[in-house]
Amino acid sequence: MPRWLTSGEFLNRSRLSTKALRLYEERQLLRPAHVDARTGYRYYGDAELDRARRITLLRAIGMPVADVAEVLGLPGPQAVDRVEAYWRDAEAAHHARRPLVRHLLGLLDDRAAPGVASGVRYRDVPTQKVIFIQRHVTADRLPFFLPEATRLLFDHLTAASGTLSGPVFVAYHGLVTEDSDGPVEVCAPTGDPVEPEGSVGVRIERAHRQAYVSLTKAEAAYPAILRAYDALDSWLRDHDQRLSASAREIYYQNWATAADAEPCVDVAFPCEPAPPR
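Everything numeric here is computed off the predicted structure, so don't read it as measured data.

Caption draft 1: Representation of helix H7 (residues 226-238) within the structure. With 13 residues, H7 ought to run about 18 Å at 1.5 Å a step, and its terminal C-alpha atoms sit 18 Å apart, in line with that. Among the residues of H7, those classed as buried are Arg227, Ala228, Tyr229, Ala231, Leu232, Trp235 and Leu236.

Shown next as structure tokens:
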């Protein structure tokens, strides 16, 4: 008969908290080896200790619980590949946050926001018809939604024998972060008689003036791109302007192939004079 550990012994040996053990069981990451049918007591063995150790290490490198479950379900070599891929992405995300941290430190120390605000320019945008797809998405889902929606819009245009009349842009009707989900609207301008169908809508984007900054591929990576939004917001306030429509990102044709130092997207705020104070 195997030597079972009681819940208390298992917590002591694994160094997990009661809260963590409860969470991992709820997420089906770590289950007891045996549950007494009469008393309901939970018992654990060496296999559960090994699994708890792996969970602890994976969580220690910052891996989300959902990804931990995926790794634990993979054979050894595939699990190694998955962790290495996660860590590459984590390092890239950490690198992308560095400019944002410098920007934040400047704001906290009451210094002027560096760099981006000095590049703000104006332009007038004429009335245009756009086809669009709108959805609520958080920051982690945004990289999947944007290409998916763009492909669907292009397929819809092709089926209607329509063509683009301007660059694709993404309008943010609400804040998009890890906790806030927009909504987000991917738009493709066209001058052709294209009709709405399914998830694809059609609307008229009215003429407006934009304040905008042009960003390189590296500057446009999330969360570094938040510097541009913050700088534009400050610029509008300093120039007695206000938003007249949702903030947007306007993508150049070279977006998919651009090098890190190559300009490939504008962050733009439709704006109008603010009312007198």
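Caption draft 2: Summary view of the packing of helix H1 (residues 7-14) against helix H3 (residues 46-60). Viewed as axis vectors pointing N to C, H1 and H3 meet at an angle of 40°, and their least axial separation amounts to 10 Å. By the criterion of interaxial angle, the relationship of H1 to H3 is oblique. Note on packing geometry: the crossing formed by H1 with H3 is right-handed. Residues Phe10, Arg13 and Ser14 of H1 form the contact with H3, whose own contacting residues are Glu48, Leu49 and Ala52.

Caption draft 3: Quick peek at the nonpolar core. Counting 38 residues, the largest nonpolar core has Phe145, Leu146, Tyr172, Val184 and Val267 as its most contacted members. Among the secondary structure elements, those contributing two or more residues to this core are strand E5 (128-135), helix H6 (142-159), strand E6 (169-172), strand E7 (184-189), strand E9 (208-216), H7, strand E11 (247-251) and strand E12 (263-273). If you tally residues by element for this core, the top one is H6, at six residues. Leaving out residues up to four positions away in the same chain, leucine 146 has contacts with Val170, Tyr172, Val184, Val186 and Tyr251. Core analysis: the next-biggest nonpolar cluster, separate from the first, contains 21 residues, Phe10, Tyr24, Leu58 and Val68 among them.

Caption draft 4: Quick look at the layout of surface pockets. By volume, the second largest pocket amounts to about 210 Å³. Lining the second largest pocket we find Arg13, Ser14, Arg15, Leu16, Ala20, Tyr24, Leu49, Asp50, Arg53, Thr56 and Leu57. If you list the elements that add at least two residues to the lining of the second largest pocket, you get H1, helix H2 (18-26) and H3. In terms of residues, the lining of the second largest pocket owes the most to one element, H3, which gives five residues. For the lining of the second largest pocket, the class distribution of residues is five nonpolar, two polar and four charged.

What counts, and where the lines are drawn
Residues numbered from 1 in each chain as written. Predicted model: local features only at pLDDT ≥ 70, side-chain atom pairs only at ≥ 80, totals over all residues. Heavy atoms only, no water. Helix = DSSP H or I, 4+ residues; strand = E, 2+ residues; numbered from the N terminus. Expected span 1.5 Å × (residues − 1). Buried < 20%, exposed > 50% of the residue type's maximum accessible area, 1.4 Å probe, protein only. Axes fitted to C-alpha atoms, helices over the stretch in contact; angles between N-to-C directions. Parallel < 35°, antiparallel > 145°, perpendicular 65-115°, else oblique. Left-handed = near helix turned anticlockwise from the far one by under 90°. Contact = heavy atoms within 4.5 Å. Core = buried A, V, L, I, M, F, W, Y, C linked by side-chain atoms within 4.5 Å. 1 Å grid on protein atoms, 1.4 Å probe; cavity = no way out; pocket = protein on both sides within 12 Å on 5 of 7 lines; lining within 4 Å. Points joined across faces, edges and corners; volume = space filled by probe spheres on them. Nonpolar A, V, L, I, M, F, W, Y, C, P; charged D, E, K, R; others polar.

In short, geometric facts, not functional conclusions.
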